[in-house]
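So the chains spell out like this:
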Amino acid sequence: MKKVLVVGGVAGGATAAVRVRRLDEKAEIIMFEKGPHVSFSNCSLPYYLGRVVESKEKLVLMTPESFKTKYNIEARVNQEVIRIHREEKTVEIKNLETNEVYKESYDVLILSPGANPVVPPFEGVNLPHVFTVRNVADIDRLHQYVNQSNVERIAVIGGGFIGVEVAENLREAGKVVTLVEYSPQIMAPFDEDMVQILHKEMLDHGIQLIVGDGLKKITENAIELNSGKQVEAQAVVLAIGVKPEITLAKEAGLEIGELGGIKVNANYQTSDPSIYAVGDAIEVYHRLTHKPTRLALAGPAVRQARAAADHIYGQKTNNKGVIGSSSVKIFDLNCAVTGLNERAAKEANIRYDSVYVIAPDKVGLMPNSNPLHFKLIFEVPTGRILGAQAIGKGNADKRIDVIAALITMGGTLEDLKELELTYSPMYSTARDVVNIAALVGLNILHADYKQVHVSKVRNLVEQGATFIDVRENHEFESGHLVNAINIPLSELRERVDEIPRDKPVYIHCRSGQRSYNAVKILQHLGFKNVYNVSGSFLGICLYEYFTDVTTSREKIVTDYNFK
């Protein structure tokens, strides 16, 4: 009879334990969790603060009793594995309730210790009103403190997934929330042009968002930033990031990877073949960059756990690596991302280009039809799809799931162009935004026309470049680039002599479709140096707004128009 010990529960450990049971009814399986809950929805933790999840009990998915009755797995909570003796194949466990230390032998050991919140040694970091979020106990302590102490002003440090979700839920609970991010933007998986939409959404919902400034110290009723700025805060949540929990593995002499995670092979074996590791604590292979990476996401963790259990029992696994697919809700916006963003593509020395498309998420005359902002990144010259980002009130995740599948299959722009998707006016358009992005990408790849990204517009405006706005007069009057010339598309052919031929001309409309048509007209009329502004006026407004408002710089538009 095989004896399998699992260190850590939740997504990785619990999945591995249950898979082992499905493969072997006779195995002795013991799972150790140093916290009070062996299986909980850690991705749902922030939603307890906003009462989306009404009680902390609902966060707990399975108890030790249910593991025993359903799977005959012994789950021991409040018990920490403190040492591995590889030579004798035993582990030492400390019962955190009684302080008793005892040993258990193993045939196979599976490590799923997860990751710990990053807590730099800031002054004041140990004050009682400073919190991190890792488990149910953490979120309950924060919830109780905020409510019992009548806390109104809260500072959240860190603009990643946890920080943004905590900030949103605290705001939804009626609190005054400041979100501080050291980098120039929140949500690092999104590119700088796309994330400005999220910055605006945070401002629109009353979050005081501070980017490009870091925490210096915490006092009893405020935080001080590196810039010297003081922010009143009766509670502080540190969501700066996570680091792999490798203490146990390192002390056991297991190999640690170049990024600080446990090094594993394609079957999730560590440098000791009897010890496997999965989840947030390990390094994994990135199928696009062909380099090690760390990916603290539940989806990859459960796949790793199943693969490890399968390998223990001699079943073959096919480890193709990860691409990094994730989604998040930020107030009224659904946001999703997969694969490489521009920054990652540059770091990997991949030659790439990108397109930014704004299209309806469903047929325009249907209720609740809204713009979907979609960015597609592809390799040059192959057209291989590298990544995508989607933001909107509609089904952004659905579109990114399509791209994730294409990336996994090695798909190209040609594949995406021809991809047959479901269609109903209530759910999409006959040519979905992902198909449109592929068509635009192929136009750019084949040099059918030239584009300029919204991030380049301000510099061009300040240099006095020629912009032609092909929207109708009433649209132009409601807001336009300060130096734009309004020649509606309906009048373009009659007014073509007003457009200079001896210098670059940049064409835009509201979202990019009419301006594309205008570019094609001008090209056929002999114009050689015309550019379509990717994202057009709506994209420009969204890109410029947050920085304009927070820095009081001079606007390049007469007025913003987000409709």
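Residues numbered from 1 in each chain as written. Predicted model: local features only at pLDDT ≥ 70, side-chain atom pairs only at ≥ 80, totals over all residues. Heavy atoms only, no water.

For the rest of this paragraph, the subject is the overall build of the chain. Looking only at helices and strands, one finds 16 helices and 32 strands in the chain. Here the C-alpha atoms of the chain give a radius of gyration of 27 Å, agreeing with the 24 Å that 2.2 N^0.38 yields for 563 residues. Buried residues in the chain amount to 55% of all 563 residues. Of the accessible surface of the chain, which amounts to about 24,700 Å², a share of 48% is contributed by carbon and sulfur atoms. Positive and negative side-chain charges in the chain, numbering 64 and 69 respectively, have mean positions lying 3 Å apart. (Helix = DSSP H or I, 4+ residues; strand = E, 2+ residues; numbered from the N terminus. Rg over C-alpha atoms; globule rule 2.2 N^0.38 Å. Buried < 20%, exposed > 50% of the residue type's maximum accessible area, 1.4 Å probe, protein only. Areas by Shrake-Rupley, 256 points an atom, 1.4 Å probe, with all protein chains shown as cover. Lys, Arg positive; Asp, Glu negative; His and termini not counted. Charge placed at Lys NZ, Arg CZ, Asp CG, Glu CD.)

Glancing now at the pattern of salt bridges. Tallying each qualifying case throughout the model produces 34 salt bridges. With a shortest N-O distance of 3.8 Å, Lys-217 and Glu-224 are connected by a salt bridge. Residue classification places Glu-224 among the buried residues on the basis of a relative accessible area of 14%. The salt bridge involving Lys-520 is made with Asp-448; its shortest N-O contact spans 3.1 Å. With Lys-520 in helix H15 (residues 513–524) and Asp-448 in the loop between helix H12 (433–445) and strand E28 (450–453), this pair connects stretches of sequence that are 72 residues apart. The class for Lys-520 is buried, based on a relative accessible area of 17%. Residue classification places Asp-448 among the partly exposed residues on the basis of a relative accessible area of 30%. Taken together, the salt bridges that share partners define one network made up of Arg-458, Glu-462, Glu-544, Asp-548 and Arg-553. (Salt bridge = Lys/Arg side-chain N within 4 Å of Asp/Glu carboxyl O.)

For the bond from Val-380 to Pro-381, the omega torsion is 10°, close enough to zero to count as cis. Mapping Pro-381 onto the fold places it in the loop between strand E26 (371–379) and strand E27 (385–392). Residues other than glycine seldom take positive phi values, yet Asn-99 does so here, at roughly 70°. Mapped onto the elements, Asn-99 comes out in the loop between strand E7 (90–95) and strand E8 (101–105).

This part takes up the sheet that holds strand E18 (residues 235–238). If you trace the 5 strands from one edge of the open sheet to the other, you get E11-E18-E12-E13-E14, paired in parallel fashion. Single-partner strands in this sheet number two, and they are strand E11 (130–132) and strand E14 (208–211). With direction set aside, neighbouring strand axes in the sheet form an average angle of 20°. Relative to strand E13 (residues 176–181), strand E12 (residues 153–157) runs parallel, the two being bridged by 5 bridges. Note that in E13 the partner of Ile-154 across the bridge is Val-177. (Pairing = 2+ DSSP bridges. Axes fitted to C-alpha atoms, helices over the stretch in contact; angles between N-to-C directions.)

All right, on to the nonpolar core then. Generally speaking, a soluble globular protein has its nonpolar side chains buried in company with each other. Membership of the largest hydrophobic core comes to 68 residues, with the highest contact counts inside it found for Leu-198 and Phe-467. Sort the elements by how many residues they give to this core and helix H16 (residues 536–551) lands first, with 8 residues. For Leu-198, the contacting residues outside a window of four places in its chain are Ile-186, Met-187, Phe-190, Ile-330, Leu-333, Cys-335 and Ile-391. Counting residues in each nonpolar core, the second largest holds 54 residues, with Ala-345, Leu-376, Leu-489 and Cys-509 among its members. (Core = buried A, V, L, I, M, F, W, Y, C linked by side-chain atoms within 4.5 Å. Contact = heavy atoms within 4.5 Å.)

Attention now goes to the packing of helix H1 (residues 10–23) against helix H8 (residues 298–312). Two elements in contact, H1 and H8, have axes separated by 8 Å at closest approach and are oriented at 35°. For the element pair H1 and H8, the recorded crossing hand is right-handed. Listed contacts from H8 to Ala-11, Gly-12, Thr-15, Ala-16, Arg-19, Val-20 and Leu-23 of H1 are Ala-298, Ala-301, Val-302, Ala-305, Arg-306, Ala-309 and Asp-310. Grouping the amino acids of the contact of H1 with H8 by side-chain chemistry returns 9 nonpolar, 2 polar and 3 charged. (Left-handed = near helix turned anticlockwise from the far one by under 90°. Nonpolar A, V, L, I, M, F, W, Y, C, P; charged D, E, K, R; others polar.)

It is at 7 Å that the axes of helix H6 (residues 192–204) and H16 come closest, and there the two elements cross at 55°. Looking at the two axes, H6 sits oblique to H16. Relative to H16, H6 is oriented so that their crossing is left-handed. Between H6, through Glu-192, Asp-193, Gln-196, Ile-197, His-199, Lys-200, Leu-203 and Asp-204, and H16, the contact on the second element is made entirely by Leu-542, Tyr-543, Tyr-545, Phe-546, Thr-547, Val-549 and Thr-550. (Parallel < 35°, antiparallel > 145°, perpendicular 65-115°, else oblique.)

The next thing to look at is the pairing of strand E24 (residues 333–339). Burial of E24 is extensive: 6 of the 7 residues sit out of reach of the surface. Bridge analysis of strand E23 (residues 326–330) against E24 gives 5 bridges, and the strand direction is antiparallel. Paired with Ser-327 across the bridge in E24 is Ala-336. From the end of E23 to the start of E24, which pair antiparallel, there are 2 residues, and Phe-331 there has a positive phi angle of about 55°. Sheet topology note: the E24/E27 ladder contains 6 bridges and is antiparallel. Paired with Gly-339 across the two strands is Gly-387, which belongs to E27.

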